[in-house]
Amino acid sequence: MSIVVIGSVAFDAIESPFGKSEKTIGGAATYFSVAASIFAPVRVVAVIGDDFGNEEMKVFEGRNIDTSGIVRIDGGRTFFWSGEYGFDLNVAQTRETQLNVFADFRPDLPESFRDSEMVFLANIAPELQLEVLEQVRDPKLVALDTMNYWIDSARDGLEEVIAKVDLLVINEGEARQLTDEPNLVKASRKLLSRGPRWIVIKRGEYGALMATGDDIFAAPAYPLEQVFDPTGAGDSFAGGLMGWLAAAKEVNDDQLRQAIVYGSIMASYTVEKFGLDRLREITRDDLDSRLAMFRKVTWLPE
Ligand code: AMP
């Protein structure tokens, strides 16, 4: 199955206890598509300025990624995010968000994108997520991610999108913020009542929690000794999860469990180096070998 994604394609400035970068390629749709394309074809809808040149576009090249839905605006500036992490790498503090060319973007999907079977509404303005969703004819699975920036600035639009999706994939902080509920099991139940069939809560180094119907599934994160930069972990997680589902060709509770583990493994690679540096190197074989290790660390005797 093919996946269409809308989300930020960006420049990031990142500071963590382990390093600093003034300008590196980032964006939710960028991390997502690089990750998901290891499993399935991805079509990207986004807008960039002319500061995001052919050199930067190479991040998408040589992969199963169709960039014909990325519009470049002459004289425009690309989305810019600046963030920092303290010793608790689970929480990113936003210093600055500049929407730039995204502020006036009206997505118009290429005809060839409109038959996509899976839709990933990555982190960006809910009104843009909605516009993309309306242009896809008959999606089999629609998933959504968001963050505090949009919960604070576009709450009504966001609630409208949540009601229309099958799967919500969000951070634990955002799950709490959306529900006013500190307990994540209760928060996931509240979120289920707003429409989605599956809620997946990302918990950084503590793994992920899925709720569907009356069931709960908890997966640990792959235990890593070296975490360098957590930026993009959430989007890589979603890319691994959606990519794996697209390749599985079927979506049910069992597939979701496996997809979550592939998402965790994908994210475990992303955080090992700065920005996209590590994710860009990995292959399907890397994922499978880490899956074997994952089975070992989670194995339970009868
Ligand atoms: P994460 O996977 O959650 O670490 O997401 C990191 C990416 O999200 C960064 O590369 C940023 O460019 C992007 N980002 C940060 N804030 C926003 C926002 N408000 N809307 C869309 N994308 C964002």
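Scroll up to find the structure.
So, here's what we can say about the structure. (Residues numbered from 1 in each chain as written. Predicted model: local features only at pLDDT ≥ 70, side-chain atom pairs only at ≥ 80, totals over all residues. Heavy atoms only, no water.)

**Quick word on the site of the ligand**
Line of reasoning, step 1. In the region of the ligand, 18 residues are neighbours, and Ser8, Asp12, Gly27, Gly232 and Asp235 sit closest.
Line of reasoning, step 2. Between an oxygen atom of the ligand and a side-chain N or O atom of Asp12, the distance comes to 2.5 Å.
Line of reasoning, step 3. Here an oxygen atom of the ligand and a side-chain polar atom of Asp235 are 2.6 Å apart.
Line of reasoning, step 4. Its free accessible area being 510 Å², the ligand has 92% of it covered by the protein chains.
Line of reasoning, step 5. When atom positions are compared with the pocket grids, the ligand is found to occupy the largest pocket.
Line of reasoning, step 6. Listed by contribution, the elements that provide at least two residues to the shell around the ligand are strand E2 (10-16), strand E6 (79-85), helix H4 (148-153) and helix H8 (233-248).
Line of reasoning, step 7. If you tally residues by element for the shell around the ligand, the top one is H8, at 3 residues.
Line of reasoning, step 8. Considered class by class, the residues forming the shell around the ligand number 9 nonpolar, 7 polar and 2 charged. (Near = heavy atom within 4 Å. Polar contact = N/O pair within 3.5 Å; in protein donor to acceptor, adjacent residues only side chain to side chain. Areas by Shrake-Rupley, 256 points an atom, 1.4 Å probe, with all protein chains shown as cover. 1 Å grid on protein atoms, 1.4 Å probe; cavity = no way out; pocket = protein on both sides within 12 Å on 5 of 7 lines; lining within 4 Å. Sits in = over half its atoms within 2 Å of the grid points. Helix = DSSP H or I, 4+ residues; strand = E, 2+ residues; numbered from the N terminus. Nonpolar A, V, L, I, M, F, W, Y, C, P; charged D, E, K, R; others polar.)

**Looking at the sheet that holds E6**
Line of reasoning, step 1. Here we have 4 strands laid out as an open sheet, ordered E3-E2-E6-E7, and mixed in their pairing. At either margin of the open sheet sits one strand with a lone partner, and together these are strand E3 (19-26) and strand E7 (92-98). Recorded for the sheet is a direction-independent mean angle of 15° between the axes of neighbouring strands.
Line of reasoning, step 2. Examined bridge by bridge, E2 and E6 share 6 bridges and lie parallel to one another. (Pairing = 2+ DSSP bridges. Axes fitted to C-alpha atoms, helices over the stretch in contact; angles between N-to-C directions.)

**Structural notes on the packing of helix H3 (residues 126-135) against helix H5 (residues 155-162)**
How two helices pack is summed up by the angle between their axes together with the distance between the axes.
Line of reasoning, step 1. Contact geometry of H3 with H5 gives a least axis separation of 8 Å together with a crossing angle of 30°. Relative to H5, the crossing made by H3 is left-handed. Listed contacts from H5 to Pro126, Gln129 and Leu130 of H3 are Gly157, Leu158, Glu160 and Val161.
Line of reasoning, step 2. Among the residues making up the contact of H3 with H5, the classes are represented as 4 nonpolar, 2 polar and 1 charged. (Left-handed = near helix turned anticlockwise from the far one by under 90°. Contact = heavy atoms within 4.5 Å.)

**Focus on the pattern of salt bridges**
Line of reasoning, step 1. Tallying each qualifying case throughout the model produces 20 salt bridges.
Line of reasoning, step 2. Close ionic contact of Glu111 with Arg137 constitutes a salt bridge, the shortest N to O distance being 3.1 Å. You can see Glu111 sitting in the loop between E7 and strand E8 (118-121) and its partner Arg137 sitting in the loop between H3 and strand E9 (141-144), a full 26 residues away along the chain.
Line of reasoning, step 3. Note on Arg137: relative accessible area 56%, which makes it exposed.
Line of reasoning, step 4. With a shortest N-O distance of 3.4 Å, Glu172 and Arg176 are connected by a salt bridge. Taken as a pair, Glu172 and Arg176 lie in helix H6 (residues 172-179) at a separation of 4 residues, close to a single helical turn.
Line of reasoning, step 5. Via salt bridges that share partners, Glu272, Lys273, Arg278, Glu281 and Arg290 belong to a single interconnected network. (Salt bridge = Lys/Arg side-chain N within 4 Å of Asp/Glu carboxyl O. Buried < 20%, exposed > 50% of the residue type's maximum accessible area, 1.4 Å probe, protein only.)

**Quick look at the side chain of Thr30**
Line of reasoning, step 1. Tracing the backbone through its elements, the reader meets Thr30 in helix H1 (residues 28-36).
Line of reasoning, step 2. The exposure class of Thr30 is buried, given its relative accessible area of 0%.
Line of reasoning, step 3. Among residues more than four places away in sequence, those in contact with Thr30 are Ser8, Val9, Ala10, Ile25, Val59, Phe60 and Leu276.

**Concerning the pairing of E3**
Line of reasoning, step 1. Strand direction decides the pairing type here: E2 and E3, joined by 6 bridges, are antiparallel. By the bridge assignment for E3, Phe11 is matched with Ile25.
Line of reasoning, step 2. Linking two consecutive strands that pair antiparallel, namely E2 and E3, is a turn of 2 residues.

**Description of the layout of surface pockets**
Line of reasoning, step 1. Quantified by volume, the largest pocket comes out at close to 1,300 Å³.
Line of reasoning, step 2. Forming the boundary of the largest pocket are 50 residues, of which Asn90, Asn171, Pro230, Ala233 and Gly234 lie nearest the centre.
Line of reasoning, step 3. Elements with a contribution of two residues or more to the lining of the largest pocket: H1, E6, E7, H4, H6, H8 and helix H9 (253-270).
Line of reasoning, step 4. Counting residues per element, the lining of the largest pocket draws most heavily on H8, which supplies 4 residues.
Line of reasoning, step 5. In the lining of the largest pocket, the residues fall into 24 nonpolar, 17 polar and 9 charged.
Line of reasoning, step 6. In terms of lining residues, the second largest pocket is bounded by Gln258, Val261, Tyr262, Leu291, Phe294, Arg295, Thr298 and Trp299.
Line of reasoning, step 7. Elements with a minimum of two residues in the lining of the second largest pocket: H9 and helix H10 (284-298).
Line of reasoning, step 8. The leading source of residues in the lining of the second largest pocket is H10, at 4 residues.
Line of reasoning, step 9. Residues belonging to the lining of the second largest pocket are distributed by class as follows: 5 nonpolar, 2 polar and 1 charged. (Points joined across faces, edges and corners; volume = space filled by probe spheres on them.)

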